[in-house]
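Structural description and commentary
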Amino acid sequence: MKKISLLGATGSIGLQTLDVIKAHPDQFKLVSMSFGSNISSGINIIRQFQPHFVAVKDKETYEKLKLEIPNEEVKIGYGQNALIEAAIFDGVDCLVNAVVGSVGLVPTLKAIEHKITIALANKETLVTAGHLVTEHARKYGVDLLPVDSEHSAIFQCLQGENPKNIERLIVTASGGSFRDKTREELTDVTVEQALNHPNWSMGAKITIDSATMMNKGLEVIEAHWLFDIPYEKIDVLLHKESIIHSLVEFQDHSIIAQLGTPDMRVPIQYALTFPNRLQVKNSKRLELWEVGKLHFEKADFNRYKCLQFAYDSGKIGGTMPTVLNAANEEAVAAFLNGKIKFLQIEEFIERAMDKHENIAHPGLEEIQEVDQQTRNFVQTLIS
Ligand SMILES: NC(=O)C1=CN([C@@H]2O[C@H](COP(=O)(O)OP(=O)(O)OC[C@H]3O[C@@H](n4cnc5c(N)ncnc54)[C@H](OP(=O)(O)O)[C@@H]3O)[C@@H](O)[C@H]2O)C=CC1
Ligand SMILES: CC(=O)[C@@H](O)[C@H](O)COP(=O)(O)O
Ligand SMILES: [Mn+2]
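Just so we're clear, the structure is a prediction, and the values are computed from it rather than from any experiment.

**A closer look at the pairing of strand 2 (residues 28–34)**
Most of strand 2 is tucked away: six of the seven residues are buried. Bridge count between strand 1 (residues 2–7) and strand 2: six bridges; the pairing is parallel. Residue pairing in the sheet places S5 in a bridge with S32 of strand 2. Following the chain from strand 1 across helix 1 (residues 12–23) to the adjacent parallel strand 2, one finds a crossover that is right-handed. Alignment of strand 2 against strand 3 (residues 53–56), held across three bridges, turns out to be parallel. Pairing of S34 across the sheet is with A55, part of strand 3. Taking the sense of rotation as the criterion, the β-α-β connection linking strand 2, helix 2 (residues 39–49) and strand 3 turns out right-handed.

Set out below in structure tokens:
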């Protein structure tokens, strides 16, 4: 029985992780969890899965939850320390990090220190401090198992292979909600239009990131750290069907790919059951004859400036990816709240990067300072 801690239980990945846990009660037990402020969903989950510990975002949510869930049933906490307590709760075997944003960084580092396997969906953690997380994982001998569909695909393609034979990673991209629009047509797009992803149903932030192509940029940085591959050997390939979830080319020019219908329960479950595979309930089998054609295009770095910024920040290294991520988080939140226009997301990221004096080998405190300073700077641009 694998004891699971799930951070971000009320989110898109969180709920799909709960589907996997529920489908295999003989394999998994939820022992601790966190959510932000979606209290109705949180209460449902607590009642159904009866975790021993629950962390919520803030005191207000905590007070409301205490009224609904008598303390003797479950221990409740709030804030960053509670998120860490949930991540390292007594007996946890695997942490599923499914929160959104760099808030997931410190809980991940603490879980690694407690030799807890990490199933990582929260890509912002690796973008913000990939060098710290991977160094920590090596030092404590902890596996970082990818949940992100492209990285799960690459991980699956690498099974049985010698990493020395990798020629390049090919990360596929749907192109997002505005893939058929020119840059000129992006001037007045709405939040509602941006949230209409062509292939996946996901949380709001990642859906906007897909539309700006920042999601793919974050995924390039994520792949760099997860698989220790230089940026020059990580390509992005536009593939509008999102059926090939990514590919690996080896030095004999063989390309291995992982395909499937768009269903995040597959990579979630693979991370939790690795190296075994279990059936995924009601998952739709991919019938290629039904699909007919698959389409591919080269990524256009002028059309998708955020992709360029991500490569630039990854190659610069140091605290520049921290700036990229923090600026993106603040700008996307402002766009979702109707405070800025879609194209201002990339504008504010570029200005934050231009302004930043890079720190080459930052420690955790420097990263946290740069993260906060970047957020403060972007807030001055928004207001
Ligand atoms: N959704 C998908 O298909 C995919 C997602 N990912 C990655 O997985 C991560 C989660 O994505 P997704 O599930 O879409 O996100 P959602 O927005 O759907 O869910 C985010 C979760 O994190 C919680 N949360 C948000 N902010 C905070 C905070 N400050 N403190 C504590 N908890 C917080 C939310 O709580 P609440 O809602 O209760 O406020 C919710 O439980 C992201 O990093 C994303 O990039 C990667 C691949 C695919
Ligand atoms: C499901 C998943 O992993 C998301 O990252 C999704 O792949 C969005 O991808 P695009 O950025 O290609 O639209
Ligand atoms: Mn992805």
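From this point, the narrative continues.
**What about the packing of helix 10 (residues 214–227) against helix 14 (residues 320–336)?**
Closest axis-to-axis distance for the helix 10/helix 14 pair is 12 Å, and the angle between their directions is 150°. By the angle class used here, helix 10 and helix 14 are roughly antiparallel. Crossing hand, helix 10 versus helix 14: left-handed. Taken together, the residues of helix 14 that come into contact with helix 10 (itself represented by M214, L218 and I221) are L324, N325 and N328. Residue composition of the contact of helix 10 with helix 14, grouped by class: four nonpolar, two polar and no charged.

**What about the domain arrangement of the chain?**
Taken domain by domain, the chain comprises domain 1 (2–142), domain 2 (148–263 + 283–308) and domain 3 (317–383). The partner domain 3 presents 13 residues to the 21 residues of domain 2 that form the contact. When domain 2 packs against domain 3, close to 1,500 Å² is buried across both sides, 75% of that on carbon and sulfur atoms. A per-residue breakdown of the area domain 2 buries against domain 3 is headed by V191, K205 and M214, which together make up 28% of the total. Where domain 2 touches domain 3, the interface holds two salt bridges. Put simply, D188 and K341 hold a salt bridge, and the shortest N to O gap is 2.5 Å. At the junction of domain 2 and domain 3, the tally comes to three residue pairs in polar contact (both at pLDDT 80 or more). Residue assignment for the side of domain 2 that touches domain 3 shows that the elements contributing at least two residues are helix 8 (191–194), helix 9 (204–212), helix 10 and helix 13 (305–316). The greatest single-element share of the side of domain 2 that touches domain 3, amounting to six residues, is contributed by helix 9.

**Some remarks on the UniProt feature "domain: DXP reductoisomerase C-terminal" (unreviewed entry) in the chain**
Here, the residues flagged by UniProt with the feature "domain: DXP reductoisomerase C-terminal" (unreviewed entry) are residues 259–376. Secondary structure content for residues 259–376 is 58% helix and 3% strand, while the C-alpha to C-alpha distance between its ends is 41 Å.

**Considerations on the site of ligand 2**
Around ligand 2, the structure places 15 residues, and the nearest of them are S149, E150, S174, H197 and E219. Note that an oxygen atom of ligand 2 is positioned 2.9 Å from one of the side-chain N or O atoms of D148. At a separation of 2.6 Å, an oxygen atom of ligand 2 approaches a polar side-chain atom of S174. Calculation on ligand 2 without its partners gives an accessible area of 350 Å², and the protein chains cover 97% of this total. Looking at the shell around ligand 2 element by element, the count peaks at three residues for helix 10. Class assignment of the residues belonging to the shell around ligand 2 gives a composition of five nonpolar, five polar and five charged.

**Some thoughts on the UniProt feature "binding site: NADPH" (unreviewed entry) in the chain**
In this structure's numbering, the residues bearing the UniProt feature "binding site: NADPH" (unreviewed entry) are T10, G11, S12, I13, G36, N38, N122, E124 and G203. Summarising the element assignment, G36 is placed in the loop between strand 2 and helix 2. Overall, G36 belongs to the partly exposed group, its relative accessible area being 25%. If we skip the residues at most four places from it in the chain, G36 touches T10, V56, K57 and T61. Here N38 shows up in the loop between strand 2 and helix 2. Among the polar contacts listed, one links the side chain of N38 to the side chain of S40, at a separation of 3.3 Å.

**Points about the coordination of the manganese ion (ligand 3)**
At this site the manganese ion (ligand 3) is bound by D148 (OD), E150 (OE) and E219 (OE), with donor distances of 2.0 to 2.1 Å. All donors to the manganese ion (ligand 3) come from one chain, and their sequence spacing reads D-x1-E-x68-E. Placement of D148 in the loop between strand 7 (144–146) and helix 7 (149–157) and of E219 in helix 10 is noted, with a sequence separation of 71 residues between them.

**Remarks on the pattern of salt bridges**
Tallied over the full model, the rule gives 20 salt bridges. Among the ionic pairs, R265 bridges to D263, the shortest N-O distance being 2.8 Å. Across the pair, D263 and R265 agree in class, each one buried. Close ionic contact of K284 with E290 constitutes a salt bridge, the shortest N to O distance being 3.7 Å. Taking relative accessible area as the criterion, E290 reaches 48% and is therefore assigned partly exposed. Several salt bridges share partner residues, and in doing so they unite K123, D148, E150, K216 and E219 into one network.

What counts, and at which threshold
Residues numbered from 1 in each chain as written. Chains lettered and ligands numbered in written order. Predicted model: local features only at pLDDT ≥ 70, side-chain atom pairs only at ≥ 80, totals over all residues. Heavy atoms only, no water. Buried < 20%, exposed > 50% of the residue type's maximum accessible area, 1.4 Å probe, protein only. Helix = DSSP H or I, 4+ residues; strand = E, 2+ residues; numbered from the N terminus. Pairing = 2+ DSSP bridges. Right-handed = clockwise from strand over helix to strand, strands pointing away. Axes fitted to C-alpha atoms, helices over the stretch in contact; angles between N-to-C directions. Parallel < 35°, antiparallel > 145°, perpendicular 65-115°, else oblique. Left-handed = near helix turned anticlockwise from the far one by under 90°. Contact = heavy atoms within 4.5 Å. Nonpolar A, V, L, I, M, F, W, Y, C, P; charged D, E, K, R; others polar. Domains from an automatic or database assignment. Buried area = accessible area lost by both parts, 1.4 Å probe. Salt bridge = Lys/Arg side-chain N within 4 Å of Asp/Glu carboxyl O. Polar contact = N/O pair within 3.5 Å; in protein donor to acceptor, adjacent residues only side chain to side chain. UniProt positions renumbered as here; feature names shortened; annotations may be inferred. Near = heavy atom within 4 Å. Areas by Shrake-Rupley, 256 points an atom, 1.4 Å probe, with all protein chains shown as cover. Donors = N, O, S within 2.8 Å, 3.2 Å for Na, K, Ca; no water.

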